[in-house]
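Residue-level structural notes
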Amino acid sequence: MSAGRNQYYEFYRQSSIGIQLTDALDELIQSGHINPILAMKVLEQFDKSISETLAHNVKSKGNVKGHLHNYRLCDEVWTFIIKDAMFKLDNGEMLSVDKAKIVACKLGEGSNR
């Protein structure tokens, strides 16, 4: 990306909607309807849009308890692997999973969250 433009993390591309978008773009490229440069611009816009939407529109909070199995910090991105995780959302809903991966990243400059 050029200087002056915000860079957004690409890990939302691994979500179900990101995978579907990537598959659809691949089909459009293979059929000759779009070129790879346009597909990359669409993915960059997806990264930006989903990141900004989650940062500004999600107000829910929750707690997680479990056994910390692994953690790492790389390029200002924390990754935590939690075994036997119990999530409790602010609405009282609880969710139990055998293994959870939590990724936490530094917010862009100017963000108040």
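Now for a quick tour of the structure. Position labels on residues start from 1 in each chain and follow its written sequence. Selection of residues for local features in this predicted model requires a pLDDT of at least 70, selection of side-chain atom pairs for listing and counting requires 80 or more, and totals for whole chains, interfaces and linings are taken over all residues. Only heavy atoms go into the side-chain values, all of them from the structure, while hydrogens and water stay out.

1. Looking at the packing of aromatic side chains
How two aromatic rings sit relative to each other is given by the distance of their centres and the angle of their planes. Let me state the cut-off plainly: Each aromatic pair joins two rings of Phe, Tyr and Trp (for Trp, the six-membered one) with centres within 6.5 Å, and gets the label stacked for planes under 30 degrees apart, edge-to-face for over 60, and tilted for any other angle. Summary of the burial criterion: residues with accessible area below 20% of their type's maximum are buried, those above 50% are exposed, and those between are partly exposed, where the area comes from a 1.4 Å probe applied to protein chains only.
One pass over the full model with this rule turns up four aromatic pairs. Between the aromatic rings of Tyr 71 and Trp 78, the centroid separation amounts to 6.3 Å while the plane-to-plane angle is 35°, which identifies the pairing as tilted. Its relative accessible area of 34% is what places Trp 78 among the partly exposed residues. Their ring planes at 10° and their centres at 5.7 Å tell us that Trp 78 and Phe 80 sit as a pair that is stacked. Within the aromatic cluster, the residues linked to one another by ring pairs are Tyr 9, Phe 11 and Tyr 12.

2. Focus: the sheet that holds strand β1 (residues 62-74)
Put simply, the rule is: At least two DSSP bridges between two strands are needed for those strands to be called paired. Helix and strand labels come from DSSP, where a helix needs a run of H or I of at least four residues and a strand needs a run of E of at least two; each type is numbered from the N terminus. Between N-to-C directions, angles span 0 to 180 degrees; the directions come from axes that are lines fitted to C-alpha atoms, helices contributing only their stretch in contact.
The antiparallel open sheet is built from three strands, whose spatial order is β1-β2-β3. With one partner strand each, in any of the chains shown, β1 and β3 (94-105) form the two edges of the open sheet. Direction aside, neighbouring strands of the sheet carry axes that sit 20° apart on average. Taken together, the 11 bridges between strand β2 (residues 77-89) and β3 define a ladder with antiparallel strand orientation. When the sheet's bridge partners are listed, Ala 85 is paired in β3 with Val 97.

3. Brief notes about the pattern of salt bridges
We count it as follows: Any carboxyl oxygen of Asp or Glu that lies within 4 Å of a side-chain nitrogen of Lys or Arg is treated as forming a salt bridge with it.
According to the stated counting rule, one finds two salt bridges in the structure shown. Between Arg 13 and Glu 10 there is a salt bridge, and its shortest N-O distance comes to 3.7 Å. Classification of Arg 13 as buried rests on a relative accessible area of 13%. With its nearest N and O atoms 2.5 Å apart, the salt bridge here joins Arg 13 to Asp 47. Taken together, the residues span a long stretch of sequence, with Arg 13 in the segment before α1 (16-30) and Asp 47 in helix α2 (residues 36-57) at a distance of 34 residues. One network of salt bridges, in which partners are shared, links Glu 10, Arg 13 and Asp 47.

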